[in-house]
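Spelled out, the chains give:
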Amino acid sequence: MKQLLRIHKVWNGFCPLLGPSLYVWVQGCPRRCPGCFNTGALDENEPAEIISPEELVALWEVRGEGLVLSGGEPFSQAEGLARLCRGVRARSSETPILVYTGYRLEELIAEDREDWLALMREIDVLVDGPFIQTRLTDMPLVGSDNQRVIFLGNRVPRERLAALDRARIHVS
């Protein structure tokens, strides 16, 4: 059976850490952080684009150098997103992958879920932690100061993060 993902939005943009990237925002998030910037992606029952990981790989091939997964909550669709990541890496093994999640790294590991661990194995940079509206920051890549940028792979030099002056995303 063909696996399908529920997608809120797919777009090409510029990630300050990865460069030109395909952004994939999944539909649905159980976390419901107050003040979330992407409220349209929270409800699992909202209409969404239904697309296979393989179709997203084809979209990535058009322009993406990096891959950024957000949402919604990517770990709610971890199995399909892990397939997407493996498909991208089959075409370009050095493709950097960044994932935003409302979970802490420790939670992801402690749950010991095979689908979550499969996605974790594909990630180079994890931005973890729930968004906390009362702790806003302009630190690069995060929305609140409790969130962390964690390097899990070696495809993205850590020095790039230190070189960023503030949070910014460019949409093309």
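Cut-offs applied
Residues numbered from 1 in each chain as written. Predicted model: local features only at pLDDT ≥ 70, side-chain atom pairs only at ≥ 80, totals over all residues. Heavy atoms only, no water. Helix = DSSP H or I, 4+ residues; strand = E, 2+ residues; numbered from the N terminus. Rg over C-alpha atoms; globule rule 2.2 N^0.38 Å. Buried < 20%, exposed > 50% of the residue type's maximum accessible area, 1.4 Å probe, protein only. Contact = heavy atoms within 4.5 Å. Areas by Shrake-Rupley, 256 points an atom, 1.4 Å probe, with all protein chains shown as cover. Lys, Arg positive; Asp, Glu negative; His and termini not counted. Charge placed at Lys NZ, Arg CZ, Asp CG, Glu CD. Axes fitted to C-alpha atoms, helices over the stretch in contact; angles between N-to-C directions. Parallel < 35°, antiparallel > 145°, perpendicular 65-115°, else oblique. Left-handed = near helix turned anticlockwise from the far one by under 90°. Nonpolar A, V, L, I, M, F, W, Y, C, P; charged D, E, K, R; others polar. Salt bridge = Lys/Arg side-chain N within 4 Å of Asp/Glu carboxyl O.

A. Structural view of the overall build of the chain. When helices and strands are counted, the chain shows 5 helices and 8 strands. Listed N to C, the secondary structure of the chain is β-β-β-α-β-α-β-α-α-β-β-α-β in terms of helices and strands. Taking 2.2 N^0.38 as the reference for a compact globule, 172 residues should give roughly 16 Å; the C-alpha atoms of the chain span a radius of gyration of 15 Å, in line with that estimate. Viewed in the frame of its principal axes, the chain has a C-alpha envelope of about 45 × 35 × 35 Å. For the chain, with 172 residues in total, the buried portion stands at 50%. In the chain, 68% of the contacts between residues at least 6 apart in sequence involve partners at least 24 apart. With an accessible surface of roughly 8,400 Å², the chain has 52% of that area assigned to carbon and sulfur atoms. One finds the centroid of the 20 positive side-chain charges in the chain at a distance of 3 Å from the centroid of its 24 negative side-chain charges.

B. Layout of the packing of helix α1 (residues 53-63) against helix α2 (residues 78-91). Viewed as axis vectors pointing N to C, α1 and α2 meet at an angle of 40 degrees, and their least axial separation amounts to 9 Å. By the criterion of interaxial angle, the relationship of α1 to α2 is oblique. Our pair here, α1 against α2, has a crossing hand that is right-handed. Each of Pro 53, Glu 54, Leu 56, Val 57, Trp 60 and Glu 61 in α1 lies in contact with α2, whose residues at this interface are Gly 80, Arg 83, Leu 84, Gly 87, Val 88 and Arg 91. For the contact of α1 with α2, the residue count by class is 6 nonpolar, 2 polar and 4 charged.

C. Representation of the pattern of salt bridges within the structure. In the structure shown here, the tally under the stated rule is 12 salt bridges. Between Glu 54 and Arg 83 there is a salt bridge, with the nearest N and O atoms lying 2.5 Å from each other. With a gap of 29 residues between them, Glu 54 in helix α1 and Arg 83 in helix α2 connect regions that are remote in the sequence. Three or more residues are tied together by salt bridges with common partners; here these are Arg 89, Glu 122, Asp 124 and Arg 155.

Everything listed here is a matter of geometry and, on its own, says nothing about what the molecule does.
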